[in-house]
Amino acid sequence: MRLHRLEIGGFGRLSDFSADFDPRITVLLGDNESGKSTVQRALRAALYGLDAGGPGRPTDRSDWARWTPWAGEGYSLALTYDLGDGRRLRVARRFEQRDHTCQVQEIGGGDVTAQVRVGRTVSPGLVHLGIDEDVFCASACVGEDGLRLGAGDAPAARATEMQEAIERLADSGGGTTGAEALAAISDAIGRVGSERRSGSPLGRAVNRLRQLEVQVEDARRSLRALAADEERLRALEVTAHTAEERRLDAERRWLLGRLAAIAAQRADLESTDAEVAQMAAEMEGTAQLATFPLEAEDRVASLAAEVLESQRAADEARARSEAAAPQLAEVRRRRAEIAAGLRALGRGGAVDDAAVAEASALERRLAETLAGRRRSEELAAAAGRREALRREIAATGVAGTSAAGVEAAIELVDVARGGRSSRVAKLGATVALCAGAVAAALSAASRHGLWALVAAGVALVATLLILSVDRLFAGDAEHARRRLARLCPGVELDGEGLERLAERLPRLRALHAELQREDLRVETLAAEVETAAARLGELAQAAASLASHCEISPVRSRGARSAEETVRDVLDAVSGAAGIDRRREELSAEDAILEQREADLDDLAGDTTARRRAADAARARLVRVLELAGVPSSLPPSEAVVAFRAGCTGRRRHDAAIRRLGELRRRSSLGADVKSLDRLAVELEARLAARGGDPADIAAAEPLDHSRLQDLETESEHARQGAVAASTEAAALRARLAAMRATVPALADLEDERAVCLAARDRGLHQLAALHRAAELIADATRGIHRDLAPRLAASVAERLALLTEGRYAAVNVDTSHFEVSLLGGDRLELVPLDVVSHGTRDQVSLLLRLALAEVLSGAGEGVPLLLDEPLLSADPQRRATALRFLWNLSATNQVVLSTSDPGMVDALEGVCDGQAPAVLTMPSGASTIETTGRVIAMARLL
Amino acid sequence: MSTSLLHLADLHLDRAFAGMGCQGELAIRRRLGLREALKRAGHTAQERGCAAISIAGDLYEHDRAGADTAIHLADTFASWAPIEVLLAPGNHDALLSGSIYSRTEWPANVHLFDTAVLRPHPLADGLTVWGLAHLEPAWQGDPLACAPVGGDGGVHLALFHGAELGSRPDGKSIHGPFHADDVRERGFAAALCGHYHRRRIDEAGALVYPGSPEPLTFDESEPRGAVLVDVAGDGTISYEPLTDNRWHARTARADVSSARSLADVVDAACAAAAVACGGLDPDRTMLRVDLVGEIDHTVSTDTFTVETSVRDGCGAVAVRARDLTTPALDLASISGDGVRSAFARAVAEAAEAADERQMAVLDDALRYGLQALGGAEIGLR
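Residues numbered from 1 in each chain as written. Chains lettered and ligands numbered in written order. Predicted model: local features only at pLDDT ≥ 70, side-chain atom pairs only at ≥ 80, totals over all residues.

What follows concerns the overall build of chain B. Scanning chain B from terminus to terminus reveals eight helices and 19 strands. Per-residue burial for chain B yields a buried fraction of 50% across its 381 residues. Excluding contacts between residues fewer than 6 apart, the proportion of contacts in chain B whose partners are at least 24 apart in sequence is 70%. (Helix = DSSP H or I, 4+ residues; strand = E, 2+ residues; numbered from the N terminus. Buried ≥ 20, exposed ≤ 12 C-beta atoms within 10 Å, placed from the backbone. Contact = placed C-beta atoms within 7 Å.)

Attention shifts here to the overall build of chain A. Scanning chain A from N- to C-terminus turns up 22 helices and 17 strands. Relative to its full complement of 943 residues, chain A shows a buried share of 34%. Long-range pairs, those at least 24 residues apart, make up 74% of the contacts in chain A with a sequence separation of at least 6.

Moving on, we come to helix 9 (residues 353-373) of chain A. Residues and elements named next belong to chain A. For helix 9, which comprises 21 residues, the first-to-last C-alpha distance of 30 Å matches the rise-based estimate of 30 Å (1.5 Å per residue) to within 8%. Among the residues of helix 9, those classed as buried are Ala355, Ala359, Leu362, Leu366 and Thr369. Taken around the axis of helix 9, the buried residues stretch over an arc of 85°, which confines them to a single face. Opposite the buried face of helix 9, by more than 90 degrees, sit the exposed residues Asp353, Ala357, Ala361, Arg364, Ala367, Glu368 and Ala371. Contact partners of the buried residues in helix 9: helix 14 (495-550) and helix 15 (563-629). (Expected span 1.5 Å × (residues − 1). Arc of directions from axis to C-beta.)

Residue and element names in this part refer to chain A. For the pair helix 7 (residues 201-285) and helix 16 (residues 637-670), interaxial distance at closest approach is 9 Å and the crossing angle is 150°. It follows from the interaxial angle that helix 7 and helix 16 lie roughly antiparallel. The handedness of the crossing between helix 7 and helix 16 comes out as left-handed. Only Arg653, His654, Ala657, Ile658, Arg660, Leu661, Leu664, Arg665, Arg667 and Ser668 of helix 16 make contact with helix 7, whose side of the interface consists of Thr272, Glu275, Val276, Met279, Ala280, Glu282 and Met283. Here the contact of helix 7 with helix 16 is composed, by residue class, of eight nonpolar, three polar and six charged. (Axes fitted to C-alpha atoms, helices over the stretch in contact; angles between N-to-C directions. Parallel < 35°, antiparallel > 145°, perpendicular 65-115°, else oblique. Left-handed = near helix turned anticlockwise from the far one by under 90°. Nonpolar A, V, L, I, M, F, W, Y, C, P; charged D, E, K, R; others polar.)

Residue and element names in this part refer to chain B. Spatially, 4-3-2-1-13-14 is the arrangement adopted by the six strands of the open sheet, whose pairing is mixed. Every other strand in the sheet has two partners, leaving strand 4 (110-112) and strand 14 (237-241) as the edge strands with one partner each. Adjacent strand axes in the sheet meet at a mean angle of 20°, parallel and antiparallel pairs treated alike. Pairing analysis gives five bridges linking strand 1 (residues 3-8) to strand 13 (residues 227-231), with the strands arranged antiparallel. In the strand pairing of strand 13, Ser4 is matched with Asp230. (Pairing = 2+ DSSP bridges.)

With that settled, consider the environment of A:Gln288. All names here are of chain A. In this structure, Gln288 sits in the loop between helix 7 and helix 8 (297-345). Gln288 sits in the exposed class, given 11 other C-beta atoms within 10 Å. A C-alpha to C-alpha distance of 9.2 Å links Gln288 and His654, two positions 366 residues apart in sequence.

What follows covers the interface of chain B and chain A. Counting residues at the interface gives 43 residues for chain B and 50 residues for chain A. Elements represented by at least two residues in the side of chain B that touches chain A include exactly helix 1 (25-47), helix 7 (339-352) and helix 8 (356-373) of chain B. A class-by-class count of the residues in the side of chain B that touches chain A yields 21 nonpolar, 10 polar and 12 charged.

Moving on, we get to the nonpolar core. Core analysis: the largest hydrophobic core is formed by 190 residues, its most contacted members being A:Val27, A:Ile185, A:Ile778, B:Ala269, B:Ala273, B:Leu287 and B:Val289. The dominant element in this core, judged by the number of residues it contributes, is helix 19 (residues 747-804) of chain A, at 21 residues. If near-sequence neighbours (up to four positions away) are discounted, A:Ile185 is found in contact with A:Leu771, A:Ala774, A:Ala775, B:Tyr368, B:Ala372 and B:Ile378. With 63 residues, the next largest nonpolar core counts B:Cys50, B:Leu59, B:Ala191 and B:Leu242 among its residues. (Core = buried A, V, L, I, M, F, W, Y, C linked by C-beta atoms within 7 Å.)

If you want to describe how two helices pack, look at the angle between their axes and the distance between the axes. All names here are of chain B. Two elements in contact, helix 7 and helix 8, have axes separated by 10 Å at closest approach and are oriented at 180°. With respect to each other, helix 7 and helix 8 are oriented roughly antiparallel. Residue-level contacts link Val339, Arg340, Phe343, Val347, Ala350 and Ala351 of helix 7 to Met359, Leu362, Ala365, Leu366, Gly369, Leu370 and Leu373 of helix 8. For the contact of helix 7 with helix 8, the per-class residue count stands at 11 nonpolar, one polar and one charged.

Our next topic: the environment of A:Arg232. Residue and element names in this part refer to chain A. Mapped onto the secondary structure, Arg232 falls in helix 7. On the basis of neighbour counts, which here come to 15 C-beta atoms within 10 Å, the residue Arg232 falls in the partly exposed class. When the C-alpha positions of Arg232 and Ala730 are compared, they lie 8.4 Å apart, and in sequence the two are 498 residues distant.

In this structure, the amide linkage connecting B:Ala81 to the following residue, B:Pro82, adopts the cis form with an omega of 10°. With respect to the helices and strands, the residue B:Pro82 is situated in the loop between helix 2 (69-79) and strand 3 (84-87). In this structure, A:Asp16 is a non-glycine residue whose phi angle is positive, near 50°. Looking at where A:Asp16 falls in the secondary structure, it is placed in strand 2 (residues 14-20). Within the chain, B:Asp10 stands out as a residue other than glycine whose phi angle is a positive 55°.

Moving on, we come to helix 1 of chain B. Residue and element names in this part refer to chain B. Across its 23 residues, helix 1 extends 32 Å between first and last C-alpha, which sits within 8% of the 33 Å expected from 1.5 Å per residue. Taken residue by residue, helix 1 has Ala27, Arg30, Arg31, Leu34, Ala37, Leu38, Ala41 and Ala45 as its buried positions. Gly49 sits one or two residues past helix 1 and shows a positive phi near 65°.

Quick look at the sheet that holds strand 18 (residues 318-323) of chain B now. Residue and element names in this part refer to chain B. Taken in spatial order, the three strands line up as 15-16-18 in an open sheet, and their pairing is parallel. One side of each edge strand has no neighbouring strand; the edge strands of this open sheet are strand 15 (248-255) and strand 18. Within this sheet the neighbouring strands show an average axis-to-axis angle of 20°, counted without direction. Examined bridge by bridge, strand 16 (residues 285-292) and strand 18 share six bridges and lie parallel to one another. Along strand 18, the bridge assignment pairs Leu287 with Val319. Helix 5 (residues 262-276) rests against strand 15, strand 16 and strand 18 of the sheet, and its axis sits at about 140° to strand 15.

This part takes up the pairing of strand 6 (residues 101-106) of chain A. Residue and element names in this part refer to chain A. Where strand 5 (residues 88-94) and strand 6 come together, six bridges link them in antiparallel fashion. Counted as the bridge partner of Arg93 is Cys102 from strand 6. Connecting strand 5 to the antiparallel partner strand 6 that follows it, the hairpin turn spans six residues.

The predicted coordinates should not be examined in detail at positions where pLDDT is low. Of the residues in chain B, 98% reach a pLDDT of 70 or more, and the chain-wide mean stands at 90. Across the interfaces of the predicted complex, the ipTM metric reaches 0.83, alongside a pTM of 0.55. (pLDDT = per-residue confidence, 0-100.)

All names here are of chain A. Considering every residue of chain A, the mean pLDDT works out to 82; 90% of them sit at 70 or more. Note that residues 147-159 has pLDDT below 50 and, in this model, 32 contacts with residues that lie over four places away or in other chains. Contacts for the low-pLDDT stretch residues 927-943, under 50 throughout, to residues beyond four places or in other chains number 53 contacts.

This part covers the environment of A:Ala917. Here A:Ala917 is to be found in the loop between helix 22 (903-911) and strand 15 (919-923). The sequence separation of A:Ala917 and A:Val906 amounts to 11 residues, and the corresponding C-alpha distance is 9.3 Å.

Structure follows, in structure tokens:
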């Protein structure tokens, strides 16, 4: 870009001002306050406009207000410039209004305002140079002594500031650097704080949150304890209420029982009064018996009983005496008979008990002996049966066979009967022989000779074998027949004989066996009969001895007597003597009894007399006693006794009435009266009603005795104590609960504060996260920018520096982190930091870095015009010459507008311009017309 | 002869109000306000001759129930005698062991439904109220899962805490889900419900949600109060919604797109707040200011300053500001080689793969970064 012409209608101190610019260097020469800086500001305003203020930027302190024309009108300007592509553009701006207008026209073309509009602003500088105003100011606008990027005294400081300036330009076109942004974020992070910094907002929130967590948990614990205690309190209240109900119930029952007892007592009292009256009447009615000899009642009773008893005994004795008279006669008659009988029996024998026992034994032995004698009949019968058996044996036809030979005969008969097999064998041999012959014939007929011979042979062998066996058995049978003939003489031993013999021999054997048994029996019976006969003799002797002992003479039968009869006679005699003795004893015993009986009957008569006298005496005593009691003696004893008992009864009733009356009066004097009972009942009914009881229940209530009442009082007391204990505990718990309620913090309040702290903590953490994220991203972006820009800056600066210093510096390095610049000189082998090179070189590098940044940042391809305002104000001549030479060379690519108040600068510039005259725009103070030397002349009116 | 009930629910005694920006004295006032609302309901019931007051759950919040809440409730209910108080515990005040319901000796005029299935409670001749209790905070049973009632010619009302699935607000938790169609199918003339904090009277569907008597969040606008349910002698039911809330919740939207400074933001917020709070008692008004629009990233939207300014401006007792703005920044338009543009590009790249939480961090990181790179003091959000 090459500035061509500036026209100012009014801008600051300039009014109706115009200036044409040299394509390379234009020097604005004038005194201070002559408008040099105004021209440079106008150029920038033409390219980028003026800030008229806005949010946070007061209008009255804006550039728009600052550069208001001092003349107050014509606030406008126009700039004509050329672009690298040959186009010439004219920017006309009018600043009368805050929202100023701008028009951009291409000379020879049309209105291109829209093409250079960025948002709401028209910015041809931004569009055509590719850099915004900030970058333009930072890179192309150099102030006093500002060829270097920073002003400072020490080289190191200057170098550092330059690096910062580069960094600022690189990062934000002259605004905030990445590092500054990170510092601002760090500051913000500091404001947020951290969880561990208790003094920071976040730390405070976290700490408070922790405290609140504890407090909330404590409050919850307290509330749980409170709830548990409330439940306990409720249980205690229920317990107390239940106990109280029990107490009231017991008291109600006590009162009901007591009232029922009072009612009963009252009724009893009323009945007592009635009874007193009754007793008084009773006592009055029996007053005449008050002295009745009640004490004699027992005596009278005993006497009366004695009279009755004696009378009854006398009557009974008389009756017995009368009834015993016939008996006594009979007894006496019987005794006479007995005496006659005893006399008739005479004196008794010498048969004592031993003799009787011996007689009994003798009789038993006799019976046994006689039983033995009766065996003779059996002996006869057995002898008969023996003879019959012998006859039967003889009838068998084999009587000659002894009992011992019968068994052998039976065996021999079986052997002898084996001769029948011989016929069978012969028959079998014949059959076999015939069968062999038939087989041989058939075989021969069928022309089977060999088979015929075999069959014949077999038949022959079989026949021989059969005959041999038969021969063997036939020999034994014959032997047996011979023995049979000896054993059974006279018996035919042919086949039939053998068969008969075989049938008879078993019978013969049985008969022999029976005959042997009968023989044995006959012998036995014969021995027994003989023994009985011997014993009978012995018995006869014993009987005689007994008779002698008993001094009796048995009755002898006629003729010879057997021993049995002798014995029986003795036994009969002993028995008869024993019978007479027994009869005598019986009669004597009966007589003794009758004698006693007779005596007894004689006593009855005497007893009757005695009893009659006793009855009379008792009656006399009774009469005397009754007469003492006032009972008429004329009455029969029974009636008198009844009268006496009636008197006793009356006396007792009188005495009982006296006692009862006394007792009733004593009870009446001891107990309450009806009125006091009524008063007590009323009082108790009131107490009952106060306890929820119904007095109507009294009628149905059971009167309770003292023990029951005591039990109820105990029950009531226990219930009362239980209620009191529960109530006391409940009261204590209630008080504790009240204290707890007063001390337990409101959980909702704590939770509110906790929620606020929690939100503050979360907000702080979120802010920290966002800030850290922003810092991270800015750091990354900064590193990326630096990494990208540093080589490009180094290349741009190196290229120009080599040209401008004629190869004195071969290379330039720009650090990527903080844009530290170092140079590689042609005569040195290593990079040299910028702070150790000369001032001039450093200024050159600074200016080149500005331009490089503008180029790098713009990318538009247009050379950025340099607006230098007193750039070498403090430079010495040598340094100024060097700098001007550098600027002249630089103006080949970048137009330079240089303002100065030092005319020597123009001269110095002419000395380095290779003979070309630089354009000089002189701005004299106070003059309205600016005269220029050289090719450019501009007219200015200064106010 | 008609019978009237006053139906309310979702009182949420002892609730924490930090979510509305309340703490300390103000939160205490809010909680006292809830107790006052309960007392007002009792007075209203007495004035209107109600036979009963039905409370369909969430009477208090079990987790935050204070030490004196049980006593307060028992005394309050006792003062309403002979009006019957029918309590149907909900999810926030479930009938747990050790809960206020279970450890308090209630006055005789209180009937506590204590089963998880509907149980009848005869209220008047021919009028029966069936109620149930949540026995656990996360109960998911169907309150209307019962055998059909009625058939005796009487009127049967259901009282429970449940979520009608057909009208469930977005994000509202589900406790005791049911369908409105089941109300009449089960033979109930009406279902007196609780759980939804917004009033809903659906005469056709026989469904009543009275809503919370006082606003509990900024989204709970008026009208608020109990619902008077009148059961005529012929069985017809009429509803009269009452409006007696003492507290107000408002949300003001302030468009700060044109703001060039925090002062502009505050001005816009105050203007919106003034409109929102117009005619309300500022001492009982809780205001939420939502800052919306695209705003220059260099402009601070310090919500604390906004809240303070708005509170001073409109006098609302509680102001909560939400910064819902988006930075007026076209990342694509930030060109050049500077750190600023590189940073913006880096943010844009990171945002492509970020989730919601990371996006929130990046959004603030972009604002903070641009403010830092612009040389402005970072206004923390």
